[in-house]
Amino acid sequence: CNNAAREIVKEKAIYVRERDVNLQTTAYVVSKFAVLCGISFLQVFLLCLISGWGTNVGLGMAAVGLLCCLAVAGTTGGLLISAVSNTSDMAIATVPLVLVPQIVLAGAIAKVDGFAEWLAQGGIVLYWGYGGLISCFPSEHSELLGYSDWGYRGPLVVVGWHCVRCLLVTNLVLLASGRRQLSL
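Read on for a plain summary of the structure. (Residues numbered from 1 in each chain as written. Predicted model: local features only at pLDDT ≥ 70, side-chain atom pairs only at ≥ 80, totals over all residues. Heavy atoms only, no water.)

Comments concerning the overall build of the protein chain
Applicable threshold: Helix and strand definitions follow DSSP, with helices as H or I runs of at least four residues and strands as E runs of at least two, each counted in order from the N terminus. Accessibility here uses a 1.4 Å probe with only protein chains present; expressed as a share of the type maximum, an area under 20% marks a residue as buried, one over 50% as exposed, and anything in between as partly exposed. In this description, contact between two residues means that some pair of their heavy atoms is separated by no more than 4.5 Å. Using a 1.4 Å probe, accessible areas were evaluated by the Shrake-Rupley method; residue-level cover was limited to the displayed protein chains.
Helices and strands together make up the secondary structure of the protein chain, namely 10 helices and 0 strands. Across the protein chain, helices and strands are ordered from the amino to the carboxyl terminus as α-α-α-α-α-α-α-α-α-α. Taken across its 184 residues, the protein chain has 36% of its residues classed as buried. For the protein chain, restricting intrachain contacts to residue pairs at least 6 apart in sequence, the fraction spanning at least 24 positions comes to 65%. Of the roughly 10600 Å² that the protein chain leaves accessible, carbon and sulfur atoms contribute 67%.

Structure follows, in C-alpha cells:
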C-alpha cells in the first residue's frame, strides 16, 4: 500500500497532460497496477522464503496465494489513496489512517465481536485475509484462534472482490479528475 500510495499523485501533472493527448485512463491504471503487483509478489516470495528458512513453519500454496492476493489488495488500496490525494505528503499521511483500522479490526491483535465483527466483515479486507491465512495452518492452531471452520477460498474471493472494487474506483476517480481539469 505504501509503495502504491505515491505513484499516481507524483505524476498527476504528467497524467493530465498525457490524457489531453489521448492517454487511456484504464491503460494507465493497469500499467501502474501490473508493475506494482510484480514488486509486491517479489516482496511476498522473499518474505515467505526468509520466514520458511528462519522457522520450521512451511507455508503451503494456499497461504502463499492468499498472501499474494493480500499484496494485490494493498496495491489497489494504495493506488486509490494516490488517486484521491492532491500531494504526495497527503497520500503518505493517509496510508496509516487507512491501515491502522485494517490491522485493529483484522482480529490478529484481539478477537473482534459484535458491532466490530460486523464492521470487519463488511469493509476490512485484512479480516478476511487473516481468517483465511489462519485456516491454512494446522487445525490445532486455527481452533485456538476461532477460525477452525474457515477455508481459504471464501476469503480469497472477498479479497479479490476488494481488489476489483478498488481498481474500478481508482479508474473512476481519475476519469472524474480529468473532467474537472477540462472544465477549469
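The rest of the description comes next.
Some remarks on the packing of aromatic side chains
Two descriptors summarise a pair of aromatic rings, namely the distance from one centre to the other and the angle between the planes of the rings. Using the following cut-off: Note on ring pairs: Phe, Tyr and Trp rings are taken, using the six-membered ring of Trp, and paired if centres are within 6.5 Å. Classes follow the plane angle, with under 30 degrees stacked, over 60 edge-to-face and the rest tilted.
Enumeration over the complete set of coordinates arrives at 3 aromatic pairs. Here the aromatic rings of Tyr 15 and Tyr 28 are separated by 5.0 Å at their centres, their planes lie at 35°, and the arrangement is tilted. Here Tyr 15, found in helix α3 (residues 12-21), pairs with Tyr 28, found in helix α4 (residues 25-54); they are 13 residues apart in sequence, far enough to count as distant. For the pair shown, Tyr 15 and Tyr 28 are each scored as buried.

Some details on the pattern of salt bridges
We apply this condition: The rule for a salt bridge is simple: a side-chain nitrogen of Lys or Arg has to be within 4 Å of a carboxyl oxygen of Asp or Glu.
According to the stated counting rule, one finds 3 salt bridges in the structure shown. When the shortest N-O distance is used, the salt bridge between Lys 10 and Glu 7 registers 3.5 Å. Taken together, the residues span about one helical turn, with Lys 10 and Glu 7 both in helix α2 (residues 7-10) at a distance of 3 residues. Looking at Glu 7, the relative accessible area reads 16%, which means it is buried. Between Glu 7 and Lys 32 there is a salt bridge, with the nearest N and O atoms lying 3.3 Å from each other. Of the two residues, Glu 7 is situated in helix α2 and Lys 32 in helix α4; the sequence distance between them amounts to 25 residues. Lys 32 matches Glu 7 in its accessibility class, with the two residues each being buried.

Remarks on unusual backbone geometry
Despite not being glycine, Asn 22 shows a phi value in the positive range, around 120°. Positionally, Asn 22 belongs in the loop between α3 and α4. Accessibility expressed as a relative area gives 60% for Asn 22, which makes it exposed.

Quick look at the nonpolar core
The test is simple: Here, nonpolar core means buried Ala, Val, Leu, Ile, Met, Phe, Trp, Tyr and Cys residues that are tied together by side-chain atoms lying within 4.5 Å of each other.
Membership of the largest hydrophobic core comes to 27 residues, with the highest contact counts inside it found for Ile 8, Val 44, Leu 79, Leu 133, Val 159 and Leu 174. Looking at this core, the elements that each hand over two or more residues are α4, α5 (61-84), α8 (125-135) and α10 (153-183). Broken down by element, the residue count for this core peaks at 12 residues, all from α5. Those residues in contact with Leu 133, other than ones at most four positions away along the chain, are Ala 63, Leu 66, Leu 67 and Leu 70.

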